[in-house]
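Analysis of the macromolecular model
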Amino acid sequence: MAKDDEHSVWGVHAFDRSEERDITIRDALTVLRSVYLDDVLEAGLNPGEWKGKMTKAMKGRREIGVVVIVIRNESLFAKTVEWEDLR
């Protein structure tokens, strides 16, 4: 789904945290486009929603996590971005 921009939505919180944590949206998008959801998924707030995290170690950089909500297997809502190693 993330390979096509029309299926991905970025929340304001994701933009705010990317700026605060110095994680570019381009890097976060690389995470979305190159890895699968981690094994732990939980039901979202609404029917047909699943919440999970996608993580990737960026070359020469730290590991980035992107929390996403899958909506009816049709679109991704990027809720937030974060560093996984908590430096």
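That block above? That's the structure.
Overview of the structure.

**Observations concerning the pairing of strand S4 (residues 63-71)**
In terms of residue burial, S4 counts as a mostly covered element, since seven of its nine residues are buried. Alignment of strand S3 (residues 49-57) against S4, held across nine bridges, turns out to be antiparallel. Note on S4: the bridge partner recorded for Lys51 is Ile69. The hairpin turn running from S3 into S4, its antiparallel successor, is five residues long, and Gly60 in that turn takes a positive phi close to 70°.

**Notes on the pattern of salt bridges**
By the definition in use, this model includes four salt bridges. A salt bridge links Arg21 to Glu20; its shortest N-O distance comes to 4.0 Å. A salt bridge links Glu82 to Lys53; its shortest N-O distance comes to 2.6 Å. Placement of Glu82 in strand S5 (residues 75-83) and of Lys53 in strand S3 is noted, with a sequence separation of 29 residues between them.

**Brief notes about the nonpolar core**
Formed by 18 residues in total, the largest nonpolar core has its most connected members in Trp10, Val31, Leu32, Ile64, Val66, Val68 and Val81. Put simply, the parts of the chain that give this core at least two residues each are helix H2 (25-34), S4 and S5. The contact partners of Val66, leaving out residues within four places of it in the chain, are Ala28, Val31, Leu32, Gly52, Lys53, Met54, Ala78, Thr80 and Val81.

Cut-offs and rules
Here, residues in each chain are numbered from 1, in the same order as that chain's written sequence. In keeping with the model being predicted, local features are shown solely for residues with a pLDDT of at least 70 and side-chain atom pairs are shown and tallied solely at 80 or more, while totals for entire chains, interfaces and linings include all residues. Water and hydrogen atoms play no part in the side-chain values, which are based on all heavy atoms of the structure. We call a residue buried when its accessible area falls under 20% of the maximum for its residue type, exposed when it is over 50%, and partly exposed in between, using a 1.4 Å probe and counting protein chains only. In DSSP terms, a helix is any run of H or I states spanning at least four residues, a strand is any run of E spanning at least two, and both are numbered starting from the N terminus. In this description, strands pair whenever DSSP reports at least two bridges between them. Whenever Lys or Arg places a side-chain nitrogen within 4 Å of a carboxyl oxygen from Asp or Glu, that contact is recorded as a salt bridge. The criterion is simple. A nonpolar core is a set of buried Ala, Val, Leu, Ile, Met, Phe, Trp, Tyr and Cys residues joined through side-chain atoms within 4.5 Å. In what follows, a contact means two residues having at least one pair of non-hydrogen atoms within 4.5 Å.

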